[in-house]
Amino acid sequence: CQQGFCVNYVGTYDCICDDGFEYDGNTCLDIDECVEDFGICRGGQCFNLVGTYWCNCTMEGTAPCLQTCLPQEQCDVYERMQEQLNDVTQVFNNDL
């Protein structure tokens, strides 16, 4: 099971695929998120990559964050929240 791992059962097996891949009964195949979830980039241009995708945000005032295109203000809020979470995690880890 490339791009995943194999689970053996008596007389058979199953593949558990990594994120961004799906089992076709034989192997793990790349999911084309751009086709599977039309509009995933919310107005931006979607590019399929192996196991993932990338959004090129073409609409004015949008930026790539959370694997889609959002208004720049929302991305700024998300980034500040992520920084605060990282700070709290670092303090917690230092206290252990």
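Below, the structure is looked at part by part. Given the structure is predicted, the values throughout are model-derived calculations rather than measurements.

Reading the values: the criteria
- Residues numbered from 1 in each chain as written.
- Predicted model: local features only at pLDDT ≥ 70, side-chain atom pairs only at ≥ 80, totals over all residues.
- Heavy atoms only, no water.
- Helix = DSSP H or I, 4+ residues; strand = E, 2+ residues; numbered from the N terminus.
- Rg over C-alpha atoms; globule rule 2.2 N^0.38 Å.
- Buried < 20%, exposed > 50% of the residue type's maximum accessible area, 1.4 Å probe, protein only.
- Contact = heavy atoms within 4.5 Å.
- Areas by Shrake-Rupley, 256 points an atom, 1.4 Å probe, with all protein chains shown as cover.
- Disulfide = S-S within 2.5 Å.
- Polar contact = N/O pair within 3.5 Å; in protein donor to acceptor, adjacent residues only side chain to side chain.

With respect to the overall build of the protein
Consideration 1: When its secondary structure is counted, the protein shows two helices and eight strands.
Consideration 2: Helices and strands in the protein line up, N terminus first, as β-β-β-β-α-β-β-β-β-α.
Consideration 3: Computed over the C-alpha atoms, the radius of gyration of the protein is 19 Å, more than 25% above the 12 Å expected from 2.2 N^0.38 for a compact globule of 96 residues.
Consideration 4: A buried classification covers 21% of the 96 residues belonging to the protein.
Consideration 5: For the protein, contacts bridging at least 24 residues in sequence account for 14% of all contacts bridging at least 6.
Consideration 6: Total accessible area on the protein stands at roughly 7,200 Å², and carbon and sulfur atoms take up 52% of it.

Points about the state of the cysteines
Consideration 1: Considering all chains together, one arrives at six disulfides under this definition.
Consideration 2: The disulfide bridge from Cys 1 ends at Cys 15, spanning 1.7 Å between sulfur atoms. Measuring the twist about the S-S bond at about -75°, one finds the Cys 1-Cys 15 disulfide to be left-handed. Residue Cys 1 is located in the segment before strand E1 (4-9), and its partner Cys 15 is located in strand E2 (residues 12-17); the two are separated by 14 residues in the primary sequence.
Consideration 3: On the basis of relative accessibility, which here comes to 34%, the residue Cys 1 falls in the partly exposed class.

A closer look at the side chain of Thr 68
Consideration 1: Mapped onto the fold, Thr 68 is located in strand E8 (residues 68-71).
Consideration 2: At 2.7 Å, the side chain of Thr 68 forms a polar contact with the backbone oxygen of Ile 40.
Consideration 3: If we skip the residues at most four places from it in the chain, Thr 68 touches Ile 40, Cys 41, Arg 42, Cys 55, Cys 57 and Ala 63.

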